[in-house]
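Topology and contacts: notes
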2 protein chains.
Amino acid sequence: MTVSRALNAPGKVTPETLARVRTAVDALGYVPNAMASGLRMARARMVAALLPTLVGPVFQELVESLAESLKRSGYQLMIGQAGYDAAQEEELIKTIIQRRPDGIVLVGLVSSPGARNALLASRIPVVETWDFTDHPIDMLVGFSHGAIGASVAQFLHDRGHRHVAIITANDARAQARTAAFMERSKALGAQSAQCFLTTAPSTVGAGRKGLATLLQTAPEITGVFCSSDSLALGALIEAQHQGRRVPQQLAIVGLGDQSFAQDAQPALTTVRLDGTRIGALAAELMIARAEGRPVAEPVVDVGFHMVVRDST
Amino acid sequence: MTVSRALNAPGKVTPETLARVRTAVDALGYVPNAMASGLRMARARMVAALLPTLVGPVFQELVESLAESLKRSGYQLMIGQAGYDAAQEEELIKTIIQRRPDGIVLVGLVSSPGARNALLASRIPVVETWDFTDHPIDMLVGFSHGAIGASVAQFLHDRGHRHVAIITANDARAQARTAAFMERSKALGAQSAQCFLTTAPSTVGAGRKGLATLLQTAPEITGVFCSSDSLALGALIEAQHQGRRVPQQLAIVGLGDQSFAQDAQPALTTVRLDGTRIGALAAELMIARAEGRPVAEPVVDVGFHMVVRDST
DNA sequence: TTGTACGCGTTATCAC
DNA sequence: GTGATAACGCGTACAA
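Labelled according to an unreviewed UniProt entry, chain A appears under the name LacI family DNA-binding transcriptional regulator, originating from Comamonas antarctica.

1. Some words on the pattern of salt bridges
Residues and elements named next belong to chain A. Using the criterion set out here, one finds 18 salt bridges over all chains in the structure. Note that Arg-309 is salt-bridged to Asp-257, the shortest N-O span being 3.1 Å. Pair noted here: Arg-309 is in the segment after strand S12 (305-307) and Asp-257 is in the loop between strand S9 (251-253) and strand S10 (270-272), with a separation of 52 residues, a long-range link. What makes Asp-257 buried here is its relative accessible area of 12%. Arg-293 is the salt-bridge partner of Glu-291, the closest N and O atoms lying 2.9 Å from each other. Glu-291 sits in the partly exposed class, given a relative accessible area of 37%. With relative accessibility at 45%, the residue Arg-293 sits in the partly exposed group. Overlapping salt bridges, with partners in common, bring together Glu-61, Asp-257, Arg-272, Asp-274 and Arg-309 in one network.

2. Topic: the sheet that holds strand S1 (residues 46-51) of chain A
Residues and elements named next belong to chain A. On the basis of which strands lie adjacent, the open sheet formed by 6 strands has the order S2-S1-S3-S4-S5-S11 and parallel pairing. The sheet is open, and its two borders are formed by strand S2 (76-81) and strand S11 (299-301), each paired with just one other strand. The mean angle between the axes of side-by-side strands here comes to 20 degrees, regardless of whether they run parallel or antiparallel. As judged from the 4 bridges shared by strand S3 (residues 103-107) and strand S4 (residues 126-129), these two strands associate in the parallel manner. Paired with Leu-106 across the strands is Glu-128, a residue of S4.

3. Quick look at the protein's contact with DNA strand C
Surveying the vicinity of DNA strand C reveals 18 residues, the closest of which are Arg-5, Thr-17 and Arg-40 of chain A together with Ser-4 and Asn-33 of chain B. Close to the protein, within 4 Å, the atoms of DNA strand C belong to sugar or phosphate groups at a rate of 61%. The side chain of Ser-4 of chain B places a nitrogen or oxygen atom 2.5 Å from a phosphate oxygen of DNA strand C. Between DNA strand C and Asn-8 of chain B there is a distance of 3.3 Å, counted from a phosphate oxygen to a side-chain nitrogen or oxygen. Contributing elements (two or more residues each) for the surface near DNA strand C: helix H1 (2-8) and helix H3 (34-41) of chain A together with helix H1 (2-8) and helix H3 (34-41) of chain B. Residue classes in the surface near DNA strand C are distributed as 8 nonpolar, 7 polar and 3 charged.

4. Some points on the sheet that holds strand S8 (residues 223-226) of chain A
Residues and elements named next belong to chain A. Read across the sheet, 4 strands follow the order S7-S6-S8-S9 without closing on themselves; strand pairing throughout is parallel. Whereas interior strands pair on both sides, the edge strands pair on one side only; in this sheet they are strand S7 (192-197) and S9. Between one strand axis and the next, the sheet turns through 15 degrees on average, direction left out of account. Strands in contact with helix H8 (residues 172-187) are strand S6 (163-168), S7 and S8; relative to S6, the strand with the most contacts, it is inclined by about 175 degrees. Along the sheet, helix H10 (residues 229-241) contacts S6, S8 and S9; its crossing angle with S9, the most-contacted strand, is approximately 160 degrees.

How each quantity is defined
Residues numbered from 1 in each chain as written. Chains lettered and ligands numbered in written order. Predicted model: local features only at pLDDT ≥ 70, side-chain atom pairs only at ≥ 80, totals over all residues. Heavy atoms only, no water. Salt bridge = Lys/Arg side-chain N within 4 Å of Asp/Glu carboxyl O. Helix = DSSP H or I, 4+ residues; strand = E, 2+ residues; numbered from the N terminus. Buried < 20%, exposed > 50% of the residue type's maximum accessible area, 1.4 Å probe, protein only. Pairing = 2+ DSSP bridges. Axes fitted to C-alpha atoms, helices over the stretch in contact; angles between N-to-C directions. Near = heavy atom within 4 Å. Polar contact = N/O pair within 3.5 Å; in protein donor to acceptor, adjacent residues only side chain to side chain. Nonpolar A, V, L, I, M, F, W, Y, C, P; charged D, E, K, R; others polar. Contact = heavy atoms within 4.5 Å.

Set out below in structure tokens:
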């Protein structure tokens with residue numbers, strides 16, 4: 001007990017005792033056991049995050065910012081990769097709940113009812129991110145993918161493009177962007193809104209292949225929305241390879257504003273998503289909830305904005 | 001006790017009891033507490049990994065493969081970001097040891113003696129990765145950065161380049177590559193081996209800026225080793241921007257064989273590092289050690305190999 | 001200021 | 001096949 005006090009509240013023991021404890025700690029190589037502490041206190045001082053993938057630059061800002069903010073408040077971050085598969089997600093969530101983290105940050109909305117129920121039953125604070133809904137499990141920091149698709153369609157139309165297309169993956173969020181993009185284009189009277197779904201992950205190679213296929217089936221297009229910057233870079237390379245000048249003959253819009261977007265030649269027009277802000281806000285909500293403070297605004301739409309550069 | 005058996009060894013209870021337990025579990029929403037279990041068993045069923053950074057594509061294959069392999073054996077992965085700073089690393093290692101993970105995977109060698117001692121005293125299995133030394137703390141799966149620098153210098157020399165340069169970051173591993181590259185170039189009688197250290201992280205932008213600076217101070221160079229594929233892509237873009245033809249007037253070699261390397265135009269010559277293999281091997285060693293099985297080969301050099309494409 | 005008793009939730013062990 | 005007991009290491013509550 002005296003050791004526990006000496007380490008956690010040094011002011012509550014005499015300097016002499018403190019010194020004796022410290023000497024013994026050093027001599028024995030004593031390290032407090034966080035599992036025992038967590039069990040006793042019913043607080044793990046740890047927050048779990050669940051991502052679809054760690055591969056690809058998309059969520060890196062978010063994770064880095066989340067980890068940094070949590071560390072500053074004395075929480076560790078535990079990361080799980082769920083893939084884009086609902087069954088795997090559910091299993092991983094249940095494993096995570098067993099560890100009794102002080103909070104769970106999810107990248108994306110929870111799809112399966114099983115996972116949703118497990119989270120609700122656990123009474124652990126949850127922040128969903130990187131998407132938007134009016135009915136989150138608990139808290140939410142994100143943006144609307146449908147709004148992005150519509151905005152880009154509007155942007156291309158405003159620039160005079162009447163034959164547009166989208167190159168995209170086919171996960172749920174990508175589908176929301178695609179549907180909104182197609183719908184807005186149609187509403188604006190764009191002559192054609194080709195849609196090409198790559199099955200591969202969002203790589204530069206997929207972008208090249210995507211644009212190549214697109215230019216064969218619909219050579220009349222003058223504007224393309226690529227639903228990640230990697231895809232956009234691939235499309236840019238393929239366009240240059242085929243002798244189509246960007247932006248004169250083909251306008252390209254990316255998504256994510258990865259650091260390379262501004263260094264491409266021409267620099268990529270893209271949609272900026274503020275992963276750093278999302279991570280910091282998610283951490284803030286999480287910590288407030290974990291420490292019993294009230295959360296003023298548990299649902300935050302951080303939005304997005306277009307960054308217009310030279311590829312359009 | 002019967003519940004514990006029903007959940008962990010269903011064969012040891014009667015089907016009837018099992019059914020009663022399962023009903024109660026569902027009705028009450030019971031979820032086993034992994035902290036209590038870990039405390040009692042002295043096994044957390046968790047492995048911690050420490051990375052310099054999650055940003056950038058460099059370690060993604062490794063982490064993904066590590067997480068996947070561990071999950072298959074029933075271990076969770078906890079990730080910590082240490083930055084490239086020794087003090088921060090030491091602090092993080094001590095925090096991690098408090099959680100009593102079954103193993104610790106380090107990306108990079110441990111530099112500070114304090115961290116080294118803490119790890120040794122903890123008696124937790126440790127795998128260092130992504131580098132090589134003959135005296136690891138415990139186990140090691142990696143490759144020699146010096147050997148990479150020398151190999152690339154040799155490769156460029158064999159291709160007839162007599163004025164070569166390196167564009168690189170300046171962390172410890174980058175310095176090892178740079179020193180070996182310079183030394184081998186000199187030994188081979190290359191007329192000049194310019195060295196340019198970017199202070200920024202290894203981004204496409206840094207690669208562009210690096211090459212631009214280099215071409216001003218040493219326009220005679222015909223071969224450049226960029227110590228990441230992102231830098232190489234930046235150099236490629238800058239070369240094309242300045243009208244230098246690649247590979248005819250300037251040969252570019254990258255490092256990492258990221259997926260975009262093969263999709264650049266021209267496709268990038270690079271050095272392949274098998275992150276997936278390193279992750280899988282590290283997990284294998286870790287699990288064997290954690291479960292008390294002997295580890296035949298605790299120090300593995302997985303090497304690397306040049307992937308020659310069109311940029312040289 | 002320091003020390004004692006107890007309980008957090010789990011599982012190894014032994015008795016029934 | 002099932003249940004009782006104890007112990008993992010910590011911190012709260014209270015006694016000295």
